[in-house]
Amino acid sequence: MPFPTLLATLAEVRRRIAAAVVRGGHDQAVTIIAVTKTFGPEAPMAAFAAGLVDVGENKVQEALDKMPHVSVPVHWHLIGHLQRNKVKFVDPFVLVHGMDSPRLADALHAHGVSRGRPVPVLLQVNVTGEASKGGVTAADLSTLAPTLRSRDGLEVRGVMTMAPFDAPEAALREAFGGARACRDRLRDAGLLATELSMGMSADFEMAVEEGATMVRLGSILFGARTQ
Ligand SMILES: *Cc1c(COP(=O)(O)O)cnc(C)c1O
């Protein structure tokens, strides 16, 4: 059986998430997204067998190649950067986490209109302004939020962020807390933005303390990636 320790690890992760919810005081439900990138179809199958329904992939083509070999009804999340010329491939995904620019928002909106069903998306925010990371800044939100509200090809469910890698706790808290503030601003602008996708294997407890409703976990569940 692939991933023989998955069940025990998952129980431990769930326990740590529950404790972090209590510490953080946001009283939110937290969905675990099993990040299966670089692994074969056995990873989503094992996740599903362990009780996880939500699976995340960061590359469209890799996900599309994997899907036909996964015979269980997982929900696919696209968690990575999406190029505008690939928006036509988003239909099998329940949620696009990486809407990281106004131009991509325009392209996804156009796709949602043309297919007659809005595209469920999260707005990717880059709170700390790291140049290497995608996403809109908090300052962009004032103009972007009303625009998004008028885009009926989009269903803006909330915000996603990638925290700085290997940063001190204060910087992580700033990134996570800032993302939560962005989500709340979208809500205040009249969007049905309830979700907050943040936290990976190394920092998910802090993300949950800061209000994450979705954590994206790869290596802690499936082991180190070789690619
Ligand atoms: C790979 C990836 C993750 C999972 O990372 P781990 O550290 O293995 O948990 C989460 N989010 C995104 C966007 C990723 O690309």
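Values in this document were obtained by computation on a predicted structure and should not be read as measured data. (Residues numbered from 1 in each chain as written. Predicted model: local features only at pLDDT ≥ 70, side-chain atom pairs only at ≥ 80, totals over all residues. Heavy atoms only, no water.)

### Digging into the overall build of the chain
The line we're drawing: The numbering of helices and of strands both runs from the N terminus, where a helix is a DSSP run of H or I of at least 4 residues and a strand a run of E of at least 2. When we talk radius of gyration, it's over C-alpha atoms, and the globule rule is simply 2.2 Å times the number of residues to the 0.38. Relative accessibility decides the category of a residue: with a 1.4 Å probe and only protein chains considered, values under 20% of the type maximum give buried, values over 50% give exposed, and everything between is partly exposed. Contacts: residue pairs with any heavy atoms within 4.5 Å of one another. Note on areas: Shrake-Rupley with a 1.4 Å probe; residue coverage comes only from the protein chains shown.
Across its full length, the chain holds eight helices and eight strands. In terms of overall size, the chain behaves like a compact globule, its C-alpha atoms giving a radius of gyration of 17 Å where 227 residues would be expected to give roughly 17 Å. Principal-axis analysis of the C-alpha atoms gives the chain an extent of 50 × 40 × 30 Å. Considering the chain as a whole, with its 227 residues, one finds that 48% of them fall into the buried category. Relative to all contacts within the chain whose residues are 6 or more apart in sequence, the contacts with residues 24 or more apart total 59%. About 10400 Å² of surface is accessible on the chain, with carbon and sulfur atoms providing 55% of the total.

### Points about helix H1 (residues 6-24)
Rule in force here: The span you would expect from a helix comes to 1.5 Å times its residue count less one. By construction, the arc corresponds to the directions joining the helix axis to the C-beta atoms.
Over its 19 residues, H1 extends 26 Å from the first C-alpha to the last, a length consistent with the 27 Å expected when each residue adds 1.5 Å. Considered for burial, the residues of H1 that qualify are Leu-6, Thr-9, Leu-10, Val-13, Ile-17, Ala-20 and Val-21. The buried residues of H1 occupy an angular sector of 115° when the element is viewed end-on, so they sit on one face. Residues of H1 that are exposed and angled more than 90 degrees away from the buried face: Leu-7, Ala-8 and Val-22. Against the buried residues of H1 lie strand S1 (31-35), helix H2 (42-49), helix H7 (204-209), strand S8 (214-217) and helix H8 (219-222). Following H1 by one or two positions, Gly-25 has its phi on the positive side, about 75°.

### So, the packing of helix H5 (residues 141-149) against helix H6 (residues 169-188)
Any two packed helices are characterised by how steeply their axes cross, that is the angle between the axes, and by the distance between the axes. Under the convention used in this document: What counts as an axis is a line fitted to C-alpha atoms, over the stretch in contact for a helix, and the angles between N-to-C directions run from 0 to 180 degrees. Roughly parallel covers angles under 35 degrees, roughly antiparallel covers those over 145, roughly perpendicular covers 65 to 115, and oblique covers all other angles. We call a crossing left-handed when the near helix sits turned anticlockwise from the far one by less than a right angle, and right-handed when that turn is clockwise. Under the scheme applied here, ten amino acids are nonpolar (Ala, Val, Leu, Ile, Met, Phe, Trp, Tyr, Cys and Pro), four are charged (Asp, Glu, Lys and Arg), and all others, including Gly, are polar.
At a minimum axis distance of 9 Å, the contact between H5 and H6 shows a crossing angle of 45°. Taken together, the axes of H5 and H6 are oblique relative to one another. Two packed elements cross with a definite hand, and for H5 against H6 that hand is right-handed. On H6, the residues touching Leu-141, Ser-142 and Ala-145 of H5 are Cys-182, Arg-185 and Leu-186. Tallied by class, the residues present in the contact of H5 with H6 amount to four nonpolar, one polar and one charged.

### Regarding the site of the ligand
Condition: To be near a molecule or strand, a residue needs just one of its heavy atoms within 4 Å of it. Any pair of N or O atoms that falls within 3.5 Å is considered a polar contact. Within protein, one atom must be able to donate a hydrogen and the other to accept it, and sequence-neighbouring residues count only if both atoms are side-chain atoms.
Close to the ligand lie Val-35, Lys-37, Asn-58, Ile-79, Met-162, Met-200, Ser-201, Arg-216, Leu-217, Gly-218, Ser-219 and Arg-225. Within the contact set of the ligand, an oxygen atom lies 2.7 Å away from a side-chain nitrogen or oxygen of Lys-37. Interatomic distance of 2.5 Å between a side-chain N/O atom of Ser-201 and an oxygen atom of the ligand. Of the residues belonging to the shell around the ligand, the class tally is five nonpolar, four polar and three charged.

### A few points about the pairing of strand S2 (residues 54-57)
The criterion, for reference: At least two DSSP bridges between two strands are needed for those strands to be called paired. Viewed with both strands pointing away, a crossover whose connecting path from the first strand over the helix to the second turns clockwise is right-handed.
With burial as the criterion, each face of S2 is covered, one bearing Asp-54 and Gly-56 and the other bearing Val-55 and Glu-57. Judged from the two bridges that link them, S1 and S2 form a sheet pairing that is parallel. Paired with Val-35 across the bridge in S2 is Gly-56. Note that the unit made of S1, H2 and S2 has a crossover that is right-handed. Summarising the sheet, S2 and strand S3 (residues 75-78) pair through four bridges and their orientation is parallel. Looking at S3, one finds that Glu-57 is bridged to Leu-78.

### Some words on the environment of Val-74
Counting through the fold element by element, Val-74 comes out in the loop between helix H3 (60-66) and S3. The class of Val-74 is buried, set by a relative accessible area of 8%. Separated by 18 residues in sequence, Val-74 and Gly-56 place their C-alpha atoms 9.9 Å apart. Sequence-distant contacts of Val-74, defined by excluding residues within four places in its chain, comprise Pro-44, Phe-48, Val-53 and Val-55.

### A short note on unusual backbone geometry
Even without being glycine, Phe-3 reaches a positive phi, approximately 55°. You can see Phe-3 is positioned in the segment before H1. A positive phi is found at Asp-27, a non-glycine position, where the angle reads about 60°. Tracing the chain through its elements places Asp-27 in the loop between H1 and S1.

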